[in-house]
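As a plain string of letters, each chain reads:
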Amino acid sequence: MPALTSAAELERLRQEIVSRNHPDRPRVSVCAGAGCLATGAARVIAAFDTEIETQGLKGEVQVKATGCPGFCERGPIVVIDPGQTCYLQVAPKDVPTIVSKTLKEKTVIDRLLYADATTKERAVRESDIPFYKNQERNIIGNNIKIDPQCIDDYLALGGYSALAKVLSRMTAEQVVEEIGKSGLRGRGGGGFPTGVKWDAARNAPGETKYVIVNADEGDPGAFMDRAVLEGNPHSILEGLLIGAYAIGAREGYVYVRQEYPLALKNVGIAIRQAEEYGFLGSNILGSGFDFRVQVHRGAGAFVCGEETALILSLEGRPGEPRSRPPYPATRGLWGKPTNINNVETWANVPLIINRGADWFAQFGTAGSKGTKIFSLVGKIRNTGLVEVPMGVTLRDIVYKIGDGIPGGKKFKAVQTGGPAGGCIPEEHLDIAVDFDALTKAGAMMGSGGMIVLDEDTCMVDVARYFVNFLAQESCGKCSPCREGIKQMHRILTNITEGRGKEGDIELLEELAMTTGSASLCALGRSAPNPVLSTIRHFRAEYEAHIREKRCLSYSCKDLVSYYIDPQACAACLLCMKRCTSEAISGARDRIHVIDQQKCNKCGTCFDVCPSKFDAVVRLTGERVPEPVPDALRVVVRKKAAAHAGQKETG
Amino acid sequence: MTDLSLRIDGRDVAATQGMSLLEAARGAGISIPTVCHHEKLEPFGGCRLCMVEVEAAGRTTLVAACTYPAGKGLVVKTRSEQIDRIRKLLTEQLLAYAPESEVLQNLAREYRADKDRFPKEPSFCILCGLCVRYCAEVKQRNAVGFIDRGPSREISFVPEIAAAECWECKECFPLCPTSALQAAFVLTRSRTSSEEVSK
């Protein structure tokens, strides 16, 4: 296809694409994001292709492999249009029925719909599902409508019209001003005002400038950027083009981590298509503006998400942060003014240009505008991606969208902001989620990870887990980060393994102060958060570990013992058979005993002991009673014995 | 080069554009401790012992004097309770690796650091990177480098380059604030076959 040479040509092409795809034409959209692919979406798509042919609908129904709409918990997700019928957890074996019932007979298959856990009420349309209903999906809402490998899908939804608008009708200053006015702040974690950042790079002296997409998403459990990269890569490219025009850059990079193969593939395809259509290259849309993009694959170091480390890594040097100032806006890639924004920040840009700063600013709080995507994971019913306006409460995210904690367990905390974020307890669940409120609560927005923890989670162990991650990911250049995190990890490990001592909490606080205030980059400066926020909100757990060697959540194995109450044991053999370390002795009619030396504390005996006996007990912070002497290990059966006797004689 | 003036520890200090706070302070005879700094090398900002307080626009921030640019009208404090606490703890952490290092013992005296506060791990190297950077920046040989990251970070000679370059040079040896470098070199030498090393 010949490259487009004007905004008018783009609009004509868009109308042509729209008229080709008649809205009444049946369409099957299957999420082909990483989550759904893992649960078998590729086989579902293949099944639709064959089944549509077998049932004679070839050419009438379009099957689309789309981006991720967010409800990963119930994947693979299928949406059928017209009508937006949403089927969840679809297996290839369901496909023949969907084709015959829904596509041919236009009837809905109840069993594949969303059903509320308590009311059993079913939702037919995607937008009626409570998980989606309580969101504001400005960015990821389009994912299910787009085949990310097909630029026409993006164009049909008005794609690249913001670029056309900017190139034909706006000056660079006006673009920067509009972004500034919108109140957009960096979505990668820093929360720095995007307009201010752009303005600095625009005003920095120099002919050559660069723009970079930071797609080095590395927080454990976070996959927001991944979903946008995989699901709607053109929206990021369009944002990047607009930013490049605004600051005066003619070259850009997308820094994607190598561990995201699908994102790399889709971004690569998107770049080739954008080049073919004339959105990248020389004299874009006849405006005289030139811009080219290259993809750089990151080798997987968490610290390379820090912008100065990312720049050095792009240059082929070790990815270690350097001191700022000078900021990348004046001295960035190859020493030139450089503007780096996160994936989600770039994806917001076309929306702001198209709909205006005021539209964008209507969402959110005074200090944090727009929506934010969170990856909601952990002990939560609805795992997935959630896009909400800034300012909703954590309680709404956890309960209204996430549908609460599974398994009848109690909520304990939500960990936000990635590994260097913090834990927020029940009493702060009503805070409005934005950059400032989360920081005030001792956590942070970060890039949008949200890990829900229930009563079985030990908060000291949570701190230890994240500090361990940070220790491994510290580059080791500066000593407060390298040594401070290492020492905090050593102390936390001691506490969780029963070797904690008085003064440990104070030493942790002292180490946290030094690491937090003297480290070179944000990794070290925020590394104390997991420690400080858990000390602040869950100090009693620390004290119980240190003073009484008790783990209140029965999670730290070294502080927990399992014991079989001889009064309650019915010698049913169940725990004995299931024991993973052959630590339980006993026989029919012989009370079971756990050999504490052999026990690996896996907890299986506790889980399998029938509730009518509840003979296995967990102990923490107390001595395990001596086992019953051999002579007394005979079970006296009453009813059960009589019953068993009857059976034998009968 | 434009001249500018700033205040360090209550004194007016003259500096030139492009200078770091450390250079400005030392130029005026005000001492700030460093372990990873060397005049011939680019500022590194690794040891963080040179943390000072900078007051600007009513806010006090902690910055590394070796990398922070001297700016007009800055108000700088090189000692405070917090700065001393940071330097004490950083020294204690480094002493775990090289308890006998004279540089560290002097710091320990000044900041009342306890050399036994953290469990000893006598690798002798405190990862200041003077050898690595001197070899790269001044000698442009890259015979010694950092390997791995975080708590596993080490310095290591590259045997092939070291065998050819280091015998005649050894200029990095006196830079080392501990005895780690010599040890690492001897180790490399013993690993390399004697034919390759001897000339």
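Residues numbered from 1 in each chain as written. Chains lettered and ligands numbered in written order. Predicted model: local features only at pLDDT ≥ 70, side-chain atom pairs only at ≥ 80, totals over all residues.

### A word on the overall build of chain B
Check the secondary structure of chain B and you find seven helices and seven strands. The order of helices and strands in chain B, counted from the N terminus, is β-β-α-β-β-β-α-α-α-β-β-α-α-α. By its C-alpha atoms, chain B is 65 × 45 × 25 Å across when sized along the principal axes. Within chain B, buried positions represent 40% of all 199 residues. (Helix = DSSP H or I, 4+ residues; strand = E, 2+ residues; numbered from the N terminus. Buried ≥ 20, exposed ≤ 12 C-beta atoms within 10 Å, placed from the backbone.)

### Comments concerning the overall build of chain A
Broken down by element type, chain A carries 25 helices and 19 strands. Relative to the compact-globule value of 26 Å for 650 residues, chain A shows a C-alpha radius of gyration of 29 Å, a close match. Along the first, second and third principal axes, the C-alpha set of chain A runs to 95 × 65 × 40 Å. A burial count over chain A gives 52% of its 650 residues as buried. (Rg over C-alpha atoms; globule rule 2.2 N^0.38 Å.)

### Section: the sheet that holds strand S4 (residues 59–64) of chain B
Residues and elements named next belong to chain B. Spatially, five strands are ordered S2-S1-S5-S3-S4 in an open sheet, and the strand pairing comes out mixed. Each edge of the open sheet carries a strand with a single partner, namely strand S2 (11–16) and S4. Averaged over all pairs of adjacent strands, the angle between strand axes in this sheet comes to 35°, irrespective of strand direction. (Pairing = 2+ DSSP bridges. Axes fitted to C-alpha atoms, helices over the stretch in contact; angles between N-to-C directions.)

### Notes on the environment of A:Phe192
Residues and elements named next belong to chain A. Take Phe-192: it is sitting in the loop between helix H8 (172–182) and helix H9 (194–203). Placed 243 residues apart in sequence, Phe-192 and Phe-435 show a C-alpha to C-alpha distance of 9.8 Å. The contacts of Phe-192, once residues within four sequence positions are left out, are Arg-185, Gly-186 and Lys-197. (Contact = placed C-beta atoms within 7 Å.)

### So, the packing of H8(A) against helix H14 (residues 343–355) of chain A
Residues and elements named next belong to chain A. Where H8 meets H14, the axes come as close as 10 Å, and the angle between the chain directions of the two elements is 100°. As far as their axial angle goes, H14 and H8 are roughly perpendicular. Across the interface between the two elements, Glu-178, Ile-179 and Ser-182 of H8 pack against Val-349, Ile-352 and Ile-353 of H14. Taken together, the residues of the contact of H8 with H14 break down into four nonpolar, one polar and one charged. (Parallel < 35°, antiparallel > 145°, perpendicular 65-115°, else oblique. Nonpolar A, V, L, I, M, F, W, Y, C, P; charged D, E, K, R; others polar.)

### Some words on the packing of helix H19 (residues 479–496) of chain A against helix H22 (residues 529–548) of chain A
Residue and element names in this part refer to chain A. Between H19 and H22, the least distance of the axes is 11 Å, while the angle of their chain directions is 40°. On H22, the residues that touch Met-488, Ile-495 and Thr-496 of H19 are Val-531, Tyr-542, His-545 and Ile-546. Residue composition of the contact of H19 with H22, grouped by class: five nonpolar, two polar and no charged.

### Some details on helix H18 (residues 459–473) of chain A
Residues and elements named next belong to chain A. Compared with the 21 Å implied by 1.5 Å per residue over 15 residues, the 21 Å span of H18 between its first and last C-alpha is a close match. Taken together, the buried positions of H18 are Met-459, Val-460, Asp-461, Val-462, Ala-463, Arg-464, Phe-466, Val-467, Phe-469, Leu-470, Ala-471 and Glu-473. Elements in contact with the buried residues of H18: strand S13 (411–416), strand S14 (422–425), strand S15 (449–454), H19, helix H21 (522–526) and H22. (Expected span 1.5 Å × (residues − 1).)

### Section: the interface of chain A and chain B
Contacts between the two partners involve 21 residues from chain A, matched on the other side by 20 residues from chain B. Of all the secondary-structure elements, those providing two or more residues to the side of chain A that touches chain B are H18, H19 and helix H20 (504–518) of chain A. Per-element tally for the side of chain A that touches chain B: the top contributor is H19(A), with six residues. Considering only residue class, the side of chain A that touches chain B consists of seven nonpolar, eight polar and six charged.

### Details of the domain arrangement of chain A
For chain A, the domain assignment lists domain 1 (22–135), domain 2 (159–361), domain 3 (371–457), domain 4 (460–548) and domain 5 (559–639). Distance from the C-alpha centre of domain 2 of chain A to the C-alpha centre of domain 5 of chain A: 60 Å. (Domains from an automatic or database assignment.)

### Things to note about the environment of A:Ala518
Position of A:Ala518 relative to the elements: it lies in helix H20. On the basis of neighbour count, A:Ala518 is assigned to the buried category, with 29 C-beta atoms found within 10 Å. Separated by 39 residues in sequence, A:Ala518 and A:Ser479 have C-alpha atoms that sit 8.9 Å apart. Residues within four places of A:Ala518 in sequence aside, it is in contact with A:Pro480, B:Arg48, B:Met51, B:Leu62, B:Ile86 and B:Leu90.

### Re the nonpolar core
Of all hydrophobic cores here, the largest spans 181 residues; its most connected members are A:Val30, A:Ile242 and A:Ile397. In terms of nonpolar packing, the next biggest core, distinct from the first, is built from 59 residues, B:Val63, B:Leu130, B:Val132 and B:Cys135 among them. (Core = buried A, V, L, I, M, F, W, Y, C linked by C-beta atoms within 7 Å.)

### Comments concerning the sheet that holds S15(A)
Residue and element names in this part refer to chain A. Taken together, the five strands give an open sheet; going across it, the order is S12-S11-S15-S13-S14, and neighbouring strands pair in mixed fashion. If you trace the sheet from one side to the other, it starts and ends with strand S12 (384–389) and S14, each paired once. Direction aside, the axes of adjacent strands within the sheet are offset by 30° on average. One ladder, built from four bridges, connects S13 with S14; its direction is antiparallel. Within S14, the residue paired with Ala-413 across the bridge is Pro-425.

### Concerning helix H2 (residues 81–95) of chain B
All names here are of chain B. For H2, built from 15 residues, the straight-helix expectation of 21 Å at 1.5 Å per residue is met to within 8% by its first-to-last C-alpha distance of 21 Å. H2 sits mainly inside the fold: 11 of its 15 residues count as buried. Of the positions making up H2, those classed as buried are Ile-83, Ile-86, Arg-87, Lys-88, Leu-89, Leu-90, Thr-91, Glu-92, Gln-93, Leu-94 and Leu-95.

### Side note on the pairing of strand S3 (residues 78–81) of chain A
Residue and element names in this part refer to chain A. Across four bridges, strand S1 (residues 27–31) lies against S3 in antiparallel orientation. Bridged to Ser-29 within S3 is Val-79. Pairing analysis gives three bridges linking S3 to strand S4 (residues 85–87), with the strands arranged antiparallel. Note that in S4 the partner of Val-79 across the bridge is Cys-86. Linkage of S3 to S4, two consecutive antiparallel strands, is achieved through a turn of three residues, within which Gly-83 is found at a positive phi near 115°.

### Here's the deal with the confidence of the model for chain B
Residue and element names in this part refer to chain B. Mean pLDDT over chain B: 90, with 90% of residues reaching 70 or higher. Within the model, pLDDT remains below 50 along residues 193–199, and this stretch shows five contacts once partners closer than five positions in the same chain are excluded. Confidence estimates for the predicted assembly give a pTM of 0.91 and an ipTM of 0.92. (pLDDT = per-residue confidence, 0-100.)

### Considerations on unusual backbone geometry
In this model, A:Gly75 is joined to A:Pro76 through a cis peptide bond whose omega is -10°. Here A:Pro76 shows up in the loop between strand S2 (62–66) and S3. Its identity is not glycine, yet B:Asp9 carries a phi of approximately 50°, on the positive side. One can find B:Asp9 in the loop between strand S1 (3–8) and S2.

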